[in-house]
Amino acid sequence: MKNLNFLIKPASSLCNMRCRYCFYEDEAVNRAEASTGRMTTETVDCLIQQAFAALDNRNSSVTFAFQGGEPTLAGLDYYRYFVEKVYQHNANHVHVNFAIQTNGLMIDEQWAVFLAANRFLVGISMDGTKALHDELRPDAFGRSTWARVTKALSLLQKNKVDTNILCVVTRSCAKSPVKVYHTLQKLGGNYLQFTPCLDPLGKTRGSMPYSITPELYGHFLCGLFDEWYRDWQAGRYTSVRLFDDYIYLAMGMPAGTCATSGSCGNYLVVEGNGSLYPCDFYCLDEWKLGVVKDTSFVEIMQCDKERRFLKDGAEHPAECNSCRWRRMCFGGCKRDWYVDSTGKHNYLCGAFQMFFEHSFPRIEQIAKQQKACLY
């Protein structure tokens, strides 16, 4: 294999926060085993050995990204052990990337120094403003977390850790795109990600108090883009990952995420007990691919269930075929698809239609300028 990407859940679904909209808690309770516990050193050893065995040569790369639940609950010693084992087993000197997505509550000076020393990219979850964040992201005791999370971000920045901020776009958040954008900027967020809130499995989309609707999400993206574009015009560039992807696509280059590239299968999820899944949104019993200690990654990537998952993800809604924005949207994320009596659809299709109608000439303008700079 040329490249491998892992999303590792070293503490499974364990978490020290109680986010009202947590999609992974919802997935966990829909499995036979909600939490598989903390990852053992034996599983770490097997994962790392198998990863490097599957890679071709020193021109290959591997990304070890950690998520949860809350991945820092595995403890700092877990990460020290993991990184040490990676260095021990990387005999061919392949390129290694480390990343972690955290709620920030466990981050202290020791964590910050370790993450900086080992060049982790740290994503920190913050929902826009203090009011929006504390509305839906309390800790396990129901207490406010905004002050602790902003303190963690500041500590990471002080130690020169590469960071990005991930903001979940809920119903309340979607009504304040300008305020959300500038609040995160003022916190030092030069790299921002916005992801639409998911509803629980089996629930009607848009039915929860925090649910996003296509119209709300469309207006949010338009308002966010307008502010982002003004900054770009003024020479104040802030990376918004979704907009960056659209610029790449307009330049004829590949997008950086599966949701904007129209293809599943960019990574494997490794649960705390070594169970493997094809996607973070599909860590369910029916999509379990195997266990690290029992199967090689070459076999996993070629197994029937993985092939079926990729095939399903490639069968976009039929209406995408005649859509003028197909080359920019590719049908969106599979997790947003639903089927009714008229066929398969993307729940957020209306949002993307609204956004591209509003912004595409400016996306093309930026893409042309960026492309000119390459030659």
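Residues numbered from 1 in each chain as written. Predicted model: local features only at pLDDT ≥ 70, side-chain atom pairs only at ≥ 80, totals over all residues. Heavy atoms only, no water.

Spelled out, the test is: UniProt positions are given in the numbering used here, feature names are shortened, and annotations may be inferred rather than shown by experiment.
In the annotation of an unreviewed UniProt entry, the entry for the protein chain reads Anaerobic sulfatase maturase, and the organism field reads Faecalibacterium tardum. Its UniProt record gives the protein chain a comment under Cofactor (unreviewed entry), which states: "[4Fe-4S] cluster". You can read under Sequence similarities (unreviewed entry) in the UniProt record for the protein chain the words "Belongs to the radical SAM superfamily. Anaerobic sulfatase-maturating enzyme family."

Observations concerning the nonpolar core
Where we set the bar: For the purposes of this section, nonpolar cores are sets of buried Ala, Val, Leu, Ile, Met, Phe, Trp, Tyr and Cys residues that join through side-chain atoms within 4.5 Å. Relative accessibility decides the category of a residue: with a 1.4 Å probe and only protein chains considered, values under 20% of the type maximum give buried, values over 50% give exposed, and everything between is partly exposed. Each helix corresponds to a stretch of at least 4 residues labelled H or I by DSSP, and each strand to a stretch of at least 2 residues labelled E; elements are numbered beginning at the N terminus. Only heavy atoms matter for contacts: two residues are in contact if any of them lie within 4.5 Å across the pair.
Among the nonpolar cores identified, the biggest contains 91 residues, and Phe 6 and Phe 82 are the most heavily contacted of them. Here this core takes nine residues from helix H9 (residues 214-233), the largest share from any one element. When residues no more than four places from it in sequence are discounted, the contact partners of Phe 6 are Leu 47, Ala 51, Val 62, Thr 63, Phe 64, Ala 65, Leu 268, Val 270 and Phe 297. Counting residues in each nonpolar core, the second largest holds 12 residues, with Leu 7, Ala 65, Ala 99 and Tyr 267 among its members.

With respect to the side chain of Asp 245
What counts is decided by this rule: Positive charges are assigned to Lys and Arg, negative charges to Asp and Glu, while His and the chain termini are left out of the count. Criterion for a salt bridge: a side-chain nitrogen of Lys or Arg within 4 Å of a carboxyl oxygen of Asp or Glu.
Tracing the backbone shows Asp 245 in helix H10 (residues 241-250). Nearest to the buried, unbridged Asp 245 among oppositely charged side chains is Arg 241, at 5.0 Å. Beyond its immediate chain neighbours, meaning those up to four positions away, Asp 245 contacts Ala 255, Gly 256, Thr 257 and Thr 260.

Side note on the sheet that holds strand E3 (residues 95-102)
This is how it is decided: Two strands are said to pair when DSSP picks up at least two bridges between them. For helices, the fitted line uses only the C-alpha atoms of the stretch in contact; every axis is such a line through C-alpha atoms, and the angle between N-to-C directions lies from 0 to 180 degrees.
The strand order across the open sheet built from 10 strands is E7-E6-E5-E4-E3-E2-E1-E8-E9-E10, with neighbouring strands paired in mixed fashion. A strand with exactly one partner marks an edge of an open sheet, and here the two such strands are strand E7 (239-240) and strand E10 (290-291). Relative to strand E6 (residues 191-196), strand E5 (residues 162-169) is paired through five bridges, and the arrangement is parallel. Bridged to Leu 166 within E6 is Gln 193. Contacting E5, E6 and E7, H9 crosses the sheet at an angle of about 165 degrees to E6.

Remarks on the pairing of strand E12 (residues 343-346)
Looking along a regular strand, one sees side chains alternate from face to face of the sheet. Across four bridges, the pairing between strand E11 (residues 337-340) and E12 is antiparallel. Following the sheet pairing, Val 339 is matched in E12 by Lys 344. Hairpin connection from E11 to E12: two residues lie between these consecutive antiparallel strands.

Side note on the UniProt feature "domain: Radical SAM core" (unreviewed entry) in the protein chain
In the numbering adopted here, UniProt assigns the feature "domain: Radical SAM core" (unreviewed entry) to residues 1-230. Between the first and last C-alpha atoms of residues 1-230 the distance is 42 Å; the span itself is 41% helix and 17% strand.

A short note on the packing of aromatic side chains
The condition that has to hold: Stacked, edge-to-face and tilted labels apply to pairs of Phe, Tyr and Trp rings (six-membered ring for Trp) whose centres lie within 6.5 Å, assigned for plane angles under 30 degrees, over 60, and everything in between, in that order. Consider the ring centre and the ring normal. A charge sits over the ring if Lys NZ or Arg CZ is within 6 Å of that centre and within 35 degrees of that normal.
All told, the structure shown has 36 aromatic pairs when counted by the stated rule. Seen from their ring centres, Tyr 78 and Phe 82 are 6.0 Å apart, and the 45 degrees between their planes marks the pair as tilted. Within this pair, Tyr 78 and its partner Phe 82 are both found in helix H3 (residues 76-89), separated by four residues, close to a single helical turn. Accessibility expressed as a relative area gives 0% for Phe 82, which makes it buried. Aromatic rings pair up to connect Phe 6, Phe 52, Phe 64, Phe 66, Tyr 78, Tyr 79, Phe 82, Phe 98, Trp 111, Phe 114, Phe 120 and Phe 297 into one cluster. When the ring centre of Tyr 24 is taken as reference, the NZ or CZ atom of Lys 9 above it lies at 3.7 Å. Of note, Lys 334 hangs over the ring of Trp 287, and the distance from its end group to the ring centre comes to 5.3 Å.

Details of the packing of H3 against helix H4 (residues 109-117)
Let me state the cut-off plainly: Working rule for angles: under 35 degrees goes down as roughly parallel, over 145 as roughly antiparallel, 65 to 115 as roughly perpendicular, anything else as oblique. The crossing is said to be left-handed when, going from far helix to near helix, the turn is anticlockwise and less than a right angle, and right-handed when the turn is clockwise. Under the scheme applied, nonpolar residues are Ala, Val, Leu, Ile, Met, Phe, Trp, Tyr, Cys and Pro; charged residues are Asp, Glu, Lys and Arg; polar residues are all the others, including Gly.
At a minimum axis distance of 11 Å, the contact between H3 and H4 shows a crossing angle of 15 degrees. On the basis of their axis angle, the class for H3 and H4 is roughly parallel. Remark: the crossing between H3 and H4 carries left-handed chirality. The residues of H4 that touch H3, namely those facing Leu 76, Tyr 79, Arg 80 and Val 83, are Gln 110, Trp 111 and Phe 114. Class assignment for the residues of the contact of H3 with H4 results in five nonpolar, one polar and one charged.

With respect to the packing of H10 against helix H15 (residues 349-374)
Two elements in contact, H10 and H15, have axes separated by 9 Å at closest approach and are oriented at 65 degrees. Read as a crossing pair, H10 and H15 show a hand that is right-handed. Between H10, through Phe 243, Tyr 246, Ile 247 and Ala 250, and H15, the contact on the second element is made entirely by Phe 352, Phe 355, Phe 356, Ile 363, Ile 366, Ala 367 and Gln 370. Here the contact of H10 with H15 is composed, by residue class, of 10 nonpolar, one polar and no charged.

Some thoughts on the environment of Gly 332
Within the secondary structure layout, Gly 332 lies in the loop between helix H14 (326-329) and E11. A relative accessible area of 10% means that Gly 332 is categorised as buried. Placed 17 residues apart in sequence, Gly 332 and Cys 349 show a C-alpha to C-alpha distance of 8.0 Å. Setting aside residues no more than four positions away along its own chain, Gly 332 makes contact with Ala 259, Trp 337 and Asn 346.

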